[in-house]
Amino acid sequence: MDALLGTGPRRARGCLGAAGPTSSGRAVRTPAAPWARFSAWLECVCVVTFDLELGQALELVYPNDFRLTDKEKSSICYLSFPDSHSGCLGDTQFSFRMRQCGGQRSPWHADDRHYNSRAPVALQREPAHYFGYVYFRQVKDSSVKRGYFQKSLVLVSRLPFVRLFQALLSLIAPEYFDKLAPCLEAVCSEIDQWPAPAPGQTLNLPVMGVVVQVRIPSRVDKSESSPPKQCDQENLLPAPVALASVHELDLFRCFRPVLTHMQTLWELMLLGEPLLVLAPSPDVSSEMVLALTSCLQPLRFCCDFRPYFTIHDSEFKEFTTRTQAPPNVVLGVTNPFFIKTLQHWPHILRVGEPKMSGDLPKQVKLKKPSRLKTLDTKPGLYTAYTAHLHRDKALLKRLLKGVQKKRPSDVQSALLRRHLLELTQSFIIPLEHYMASLMPLQKSITPWKTPPQIRPFSQDDFLRSLEHAGPQLTCILKGDWLGLYRRFFKSPHFDGWYRQRHKEMALKLEALHLEAICEANIETWMKDKSEVEVVDLVLKLREKLVRAQGHQLPVKEATLQRAQLYIETVIGSLPKDLQAVLCPP
């Protein structure tokens, strides 16, 4: 197996065992780059096993020319196994997120921009982190020295499709543990025939005799999540299995023990506060962290988060140092040692074993951090933070009624997700309205002058605007909204939101300026202009055209054609020697 570990360039993608070519009769990017379609979904597949002498060891990386750094290999090994505090017998699925350790980005990842421009912010490809989706099996096996078979199959991707990849693993892993490498090679070849992830489209993904049908949400979708539309089923054998979502977890199941503290937890996420989640196993830990970070949708979660983290992680020292304030990270762990190491963290959530009985489980209590005990800490939310907004008692009653009436968990999750979405939107809408008011009026944008600047964001002006245009217009929750906004201004999420909105507005301003130039009479303007001014216009128009054609400027195709025509007209009015410089043969 050692021969399968990557040793080539980070993504040279040469031939690979018996894996087939990518051509399937359909058009693909460039002349069939090896494993290009596979790489649109996954970085690689890893197998981690337990070696008596080495401990966790990377047994296989597939495709075999995907090169991981030593640090990345070590991280994958430790993060793919539950630690000794989790008595995980049988099969366990969980996920982790780890930092990439440098190296050349694959050439076909240059089209990330195309995917990211159409995907919701929460589903965009990670530029600097890998997600690991793990299927771990630990069963008694007398033929092994330690008496146990211990192995993990790991899908490594930059896409946050936790539901899709967990479903994929539940198909692949049991078969792989029985048949080993040949099965994995066949599956990777099948994935290499899949269409690229396309937001807004229903995709059919064949694997191991099953067609998984998915729809990746688009940023132009309405807020309601929509399952894939059944299409072309008569041509598909076997009939496709529709996956309701590529990424949404069962929120209600994740949050069952903390429903009474949802308001506090939402505020902690909004403010980017450091939070340690101590759970009994990696599956509970990773699901809780992913559920918490999804609370802010449609807002981008701008802080770091680690669904499962161990003391062996290369960033352990960075996260546990006491020489500076705790980092803005949501950390999921299973080792009680972290309670002692991170006692100085302001917020610690300790959850117990999940109980799926008919009744609502006992809710964890809100406790002061001074009540923290090492190792045997009881479940609870240990924090001195007081929520700015009152909890929504009506929501809690509806959810409790749902439990009593045995309402399906997916319906309960939809109620909870809708509540969190509306809460986030109520908070963000006043910011959006105020930000839009900072945009210069369209009539102030003239063709031959530099467009006016976006006015600076004034926190005081915004807070004054809340009196007549605040969240109270769309949200029934009472409380100290002003205090929450003041704290939000100091958080990474305000910085991330403001930078993104300012960037979008600046591009819109540039697009409006290009449109104003294209609607003006260029020949009248050129009459009294020097050659230097005319050449300067050509260069600026060309620069804008290149940006617009690269989809960075939101302009219509007709505007692009008119801009190209203007460039040709202007160049045609110049002397032949200048024309030759601007349009070399």
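Here we summarise the structure given alongside this text. Keep in mind that what you see is a predicted model, and the values were worked out from it rather than measured.

1. Things to note about the overall build of the protein
From N to C terminus, the protein includes 19 helices and 14 strands. Within the span of the protein, comprising 585 residues, buried residues form 51% of the whole. Relative to all contacts within the protein whose residues are 6 or more apart in sequence, the contacts with residues 24 or more apart total 72%. Summed over its atoms, the accessible surface of the protein is roughly 28,300 Å², and 54% of this surface lies on carbon and sulfur atoms.

2. Observations concerning the pairing of strand 7 (residues 210–215)
Across the six residues of strand 7, five count as buried, placing the element largely inside the fold. Relative to strand 7, strand 6 (residues 202–207) is paired through six bridges, and the arrangement is antiparallel. Across the sheet, the residue bridging to Leu 203 is Val 214, located in strand 7. Count of turn residues in the strand 6/strand 7 antiparallel hairpin: two residues, of which Met 208 carries a positive phi of about 50°. Here two bridges tie strand 7 to strand 8 (residues 241–242), and the two strands are oriented parallel to one another. Counted as the bridge partner of Val 212 is Val 241 from strand 8.

3. Concerning the sheet that holds strand 14 (residues 380–383)
Reading across the sheet, the six strands line up as 10-11-9-12-14-13 and stay open at both edges, with mixed pairing between neighbours. At either margin of the open sheet sits one strand with a lone partner, and together these are strand 10 (304–306) and strand 13 (365–367). Pairwise comparison of adjacent strand axes, ignoring direction, gives a mean angle of 15° for this sheet. Here helix 8 (residues 282–293) sits on the sheet and contacts strand 9 (275–278), strand 10, strand 11 (329–333) and strand 12 (347–350); the angle it forms with strand 11, its principal contact strand, is near 160°.

4. Topic: the pattern of salt bridges
Under the counting rule described, the total for this entry stands at 20 salt bridges. Here Glu 422 and Arg 418 are joined by a salt bridge, their closest N and O atoms 3.1 Å apart. With Glu 422 and Arg 418 both in helix 12 (residues 409–437) and four residues apart, this pair spans about one turn of that helix. Taking relative accessible area as the criterion, Glu 422 reaches 37% and is therefore assigned partly exposed. Since its relative accessible area comes to 42%, Arg 418 is described here as partly exposed.

5. Considering the sheet that holds strand 6
Strands sit in the order 6-7-8 across an open sheet of three strands; the sheet is mixed. Looking along the sheet, the strands with just one partner apiece sit at the ends: strand 6 and strand 8. Sitting on the sheet, helix 4 (residues 162–179) touches strand 6 and strand 7, and the angle it makes with strand 7 is about 175°.

6. Quick notes on the packing of aromatic side chains
Here the structure, examined in full by the defined rule, presents 32 aromatic pairs. Seen from their ring centres, Phe 131 and Phe 305 are 6.3 Å apart, and the 40° between their planes marks the pair as tilted. Residue Phe 131 is found in strand 4 (residues 129–140), and its partner Phe 305 is found in strand 10; the two are separated by 174 residues along the sequence. Taken together, a centroid distance of 5.8 Å and an interplanar angle of 65° make the contact between Tyr 434 and Phe 462 edge-to-face. With Tyr 434 in helix 12 and Phe 462 in helix 13 (residues 459–469), this residue pair connects regions lying 28 residues apart in the sequence. Accessibility expressed as a relative area gives 0% for Phe 462, which makes it buried. Through pairs of rings, three or more aromatic residues link up here, namely Trp 266, Phe 427, Tyr 434, Phe 457, Phe 462, Tyr 485, Phe 488, Phe 489, Phe 494, Trp 497 and Tyr 498. The ring of Phe 305 carries Arg 97 above its face, with NZ or CZ at 4.1 Å from the centroid.

7. Comments concerning the packing of helix 17 (residues 531–549) against helix 18 (residues 557–572)
Where helix 17 meets helix 18, the axes come as close as 10 Å, and the angle between the chain directions of the two elements is 155°. As judged from the angle between their axes, helix 17 and helix 18 are roughly antiparallel. The element helix 17 and its partner helix 18 pack so that their crossing is left-handed. Side by side, helix 17 and helix 18 meet where Val 534, Leu 537, Val 538, Leu 541, Arg 542, Leu 545, Ala 548 and Gln 549 of the first sit next to Leu 560, Ala 563, Gln 564, Tyr 566, Ile 567, Val 570 and Ile 571 of the second.

Cut-offs applied
- Residues numbered from 1 in each chain as written.
- Predicted model: local features only at pLDDT ≥ 70, side-chain atom pairs only at ≥ 80, totals over all residues.
- Heavy atoms only, no water.
- Helix = DSSP H or I, 4+ residues; strand = E, 2+ residues; numbered from the N terminus.
- Buried < 20%, exposed > 50% of the residue type's maximum accessible area, 1.4 Å probe, protein only.
- Contact = heavy atoms within 4.5 Å.
- Areas by Shrake-Rupley, 256 points an atom, 1.4 Å probe, with all protein chains shown as cover.
- Pairing = 2+ DSSP bridges.
- Axes fitted to C-alpha atoms, helices over the stretch in contact; angles between N-to-C directions.
- Salt bridge = Lys/Arg side-chain N within 4 Å of Asp/Glu carboxyl O.
- Phe/Tyr/Trp six-rings, centres within 6.5 Å; stacked < 30°, edge-to-face > 60°.
- Lys NZ or Arg CZ within 6 Å of the ring centre and 35° of its normal.
- Parallel < 35°, antiparallel > 145°, perpendicular 65-115°, else oblique.
- Left-handed = near helix turned anticlockwise from the far one by under 90°.

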